[in-house]
Amino acid sequence: RGRIRTGDEIAAEIEFVGGQYSTGALGIAVKVLSEHSALAFDLVRDLLRNPSFPEDRFEKLREDVLAAIELRDEDPTKVARRLFYEEAYRGHPWHRPSMGSLDTVGKITRDDVKAHFDRFFRPENTILAIAGDIDQESAAEEIRTRLETWTGKGAWDRPRPPPAVRQTEPRTVYRTFKSQQVRIHLGHVGIVRTNPDYAALRVMETILCSSPGFTNRLARTVRDAEGLAYDVAGSITGGAGAVASPFQVVLGVEAKNCDKGLRIVMDELRRFREEGPTERETEDARRYLQASFVSAWETSDDVAAWLLEVRRHGLGIDEAARHVEALGKVTPEEVRRVAKKYVDLENLTTVMVGPIDANGKLLEGEPQR
């Protein structure tokens, strides 16, 4: 079963060999040189099988989270993001901020944390991804000897997150905030990772709102040509997993230009849905995505993260090859089809945060938060 290690002991051991480790609500990551792989396997075993959750450490971390929550609404971008999820994911668990609230975090106890660990960190719910200069069979045996007797507590109840449903009516939120600019977030529930149109949507978002610099449509129009936005970006596949990530466009504009900036974004989105991209835009996006996909595998961390994603969503070990092939087959007509299918401009959540009143009108003088 290994042994219980303190946080200081773990940090000292990892630092001694020049390694790194992290833990969180979703799992554990350990990175060391291959010659120290035994230490990595021991550490994974001990963290999974012998967590201690010391009370003093729990209290310190809870206080840190509470302090961060109190500061969260000091940033208009974070305010806009929180309000967007509250509205776009109304009735779904994602409508709540991942950091929690002063009320919920203030009530959490060490026993709650321990119960969460016992429910989700168990062999039936664990995926181990190992990448690096190590023999596959040897690595499997190392893990087997350390975890073969590991069992969960009680009956296994597989977590099944409820599906997020796209809204069927427009929702608008205005929040007054003392600032020089207005932050705008607009969109709705998007897609899960296993969506069959995933590759075409990657091409769509690259052309429309996510390629770097001023190469995407919205950046060229809103920021470069019109000079209205401090920044503008968007996505529909980013964060897609078991729960649908949002289709979302975010921008920051000078307060006096907020209405014009929003109108130009909406005009560009409508034009894209109706006309679709050019052949050149589609080809450039396909090439960019294929090249960046390959370059994203440069480190062992990248490979391990990909292996986790593939297994978590049941995509198959050949997903990398199939994805690159699918990207290469995306046509302008297909991009136009998915834009019309997955971007609903009649039923958007629109959030505006800045020197505006409850009706979205620009305030005179100094607004208050």
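Residues numbered from 1 in each chain as written. Predicted model: local features only at pLDDT ≥ 70, side-chain atom pairs only at ≥ 80, totals over all residues. Heavy atoms only, no water.

Before we go on, may I ask you to explain the packing of helix H10 (residues 258–275) against helix H14 (residues 332–342) in this structure?
Axes are the key here: two packed helices are described by the angle between their axes and the distance separating the axes. The interhelical angle for the contact between H10 and H14, taken along N-to-C directions, is 125°, at an axis separation of 7 Å. Taken as axis vectors, H10 and H14 run oblique relative to one another. The two elements H10 and H14 meet at a crossing, and its hand is left-handed. Contacts between H10 and H14 pair Phe 272, Arg 273, Glu 274 and Glu 275 from the former with Val 335, Arg 336, Ala 339 and Lys 340 from the latter. Looking at the contact of H10 with H14 residue by residue, the class counts come to 3 nonpolar, no polar and 5 charged. (Axes fitted to C-alpha atoms, helices over the stretch in contact; angles between N-to-C directions. Helix = DSSP H or I, 4+ residues; strand = E, 2+ residues; numbered from the N terminus. Parallel < 35°, antiparallel > 145°, perpendicular 65-115°, else oblique. Left-handed = near helix turned anticlockwise from the far one by under 90°. Contact = heavy atoms within 4.5 Å. Nonpolar A, V, L, I, M, F, W, Y, C, P; charged D, E, K, R; others polar.)

Whenever I open this one, the packing of helix H8 (residues 198–210) against helix H11 (residues 279–295) confuses me. Can you help?
Relative to each other, H8 and H11 sit at 110°, their axes nearing to 9 Å. Classified by the angle their axes make, H8 and H11 are roughly perpendicular. Crossing handedness for the pair H8 and H11: right-handed. Facing H8, whose interface residues are Arg 202, Val 203, Thr 206 and Ile 207, H11 presents Glu 281, Thr 282, Ala 285, Arg 286, Tyr 288 and Leu 289. A per-class count over the contact of H8 with H11 returns 5 nonpolar, 2 polar and 3 charged.

For this particular structure, what's the right way to read the pairing of strand E7 (residues 349–354)?
A regular strand places its side chains on the two faces of the sheet in alternate fashion. Of all 6 residues in E7, 6 are buried; the element is thus mostly enclosed. Side chains Thr 349, Val 351 and Val 353 of E7 all project onto a buried face; the interleaved residues Thr 350, Met 352 and Gly 354 project onto the opposite face, where all are buried too. By the bridge criterion, 6 bridges tie strand E3 (residues 171–176) to E7 in an arrangement that is parallel. Directly across from Arg 175, in E7, lies its bridge partner Val 353. Relative to E7, strand E4 (residues 181–189) runs antiparallel, the two sharing 5 bridges. In the sheet register, Gly 187 faces E7, and the bridge partner there is Thr 349. (Buried < 20%, exposed > 50% of the residue type's maximum accessible area, 1.4 Å probe, protein only. Pairing = 2+ DSSP bridges.)

Which parts of the structure should I look at to understand unusual backbone geometry?
Glycine aside, negative phi is the norm for most residues, and most peptide bonds take the trans geometry. Within the chain, Phe 53 stands out as a residue other than glycine whose phi angle is a positive 45°. We classify Phe 53 as partly exposed; its relative accessible area is 22%.

Please clarify how H14 should be interpreted in this entry.
Two residues of an α-helix separated by three or four positions point the same way, owing to the 3.6 residues in each turn. Inspection of H14 places Pro 332, Val 335, Val 338, Ala 339 and Tyr 342 among the buried residues, and these make up the whole buried set. Take H14 and look down its axis: the buried residues cluster within an arc of 125°, on one side only. Residues of H14 that are buried sit in contact with E4, H8, H10 and H11. (Arc of directions from axis to C-beta.)

Honestly, the pattern of salt bridges in this entry has me stumped. Any pointers?
Once their charged atoms are close, side chains differing in charge can pair, the charge on each being opposite to the other. On inspection of all chains with the given rule, the structure shows 40 salt bridges. The residue Arg 45 makes a salt bridge to Asp 46 at a minimum N-O spacing of 2.9 Å. Two residues, Arg 273 and Glu 274, come together in a salt bridge whose shortest N-O distance is 4.0 Å. (Salt bridge = Lys/Arg side-chain N within 4 Å of Asp/Glu carboxyl O.)

Got a minute to help me understand the sheet that holds E3 in this structure?
Sheet strands line up and pair through hydrogen bonds in the backbone, either parallel or antiparallel. Strand order across the open sheet formed by 5 strands is E3-E7-E4-E6-E5, with mixed pairing between neighbours. Of all the strands in the sheet, the pair left with one neighbour each is E3 and strand E5 (229–235). Pairwise comparison of adjacent strand axes, ignoring direction, gives a mean angle of 10° for this sheet.

Would you explain the side chain of Arg 146 in this entry?
Note on placement: Arg 146 falls in helix H7 (residues 136–147). Given the relative accessible area of 12%, Arg 146 is considered buried. A polar side-chain atom of Arg 146 sits 2.5 Å from a polar atom in the side chain of Glu 142. Discounting chain neighbours no more than four positions away, the residues touching Arg 146 are Ala 38, Phe 41, Asp 42, Arg 45 and Arg 49. (Polar contact = N/O pair within 3.5 Å; in protein donor to acceptor, adjacent residues only side chain to side chain.)

What am I meant to see in the packing of aromatic side chains here?
When we look at a pair of aromatic rings, we describe it by the centre distance and by the angle of the planes. Within this structure, the stated rule accounts for 9 aromatic pairs. Where Tyr 89 meets Trp 94, the ring centres are 5.4 Å apart and the plane angle is 45°; that geometry is what we call tilted. Taken together, the ring pairs in this structure connect Phe 84, Tyr 85, Tyr 89 and Trp 94 into an aromatic cluster. Across from the ring centre of Tyr 198, 3.8 Å away, lies the NZ or CZ of Arg 193, which sits over that ring. (Phe/Tyr/Trp six-rings, centres within 6.5 Å; stacked < 30°, edge-to-face > 60°. Lys NZ or Arg CZ within 6 Å of the ring centre and 35° of its normal.)

So what exactly am I meant to see when it comes to the pairing of strand E1 (residues 20–24) here?
Relative to strand E2 (residues 27–31), E1 runs antiparallel, the two being bridged by 5 bridges. Looking across to E2, one finds that Gln 20 is bridged to Lys 31. Linking two consecutive strands that pair antiparallel, namely E1 and E2, is a turn of 2 residues.

I'm lost on the environment of Ala 219 in this one. Help?
Within the secondary structure, Ala 219 sits in helix H9 (residues 217–225). As for Ala 219 and Ala 296, which are separated by 77 residues in sequence, their C-alpha atoms are 24 Å apart. Ignoring any residue separated from it by four or fewer positions in sequence, one finds Ala 219 in contact with Gly 213, Phe 214, Asp 224 and Val 232.

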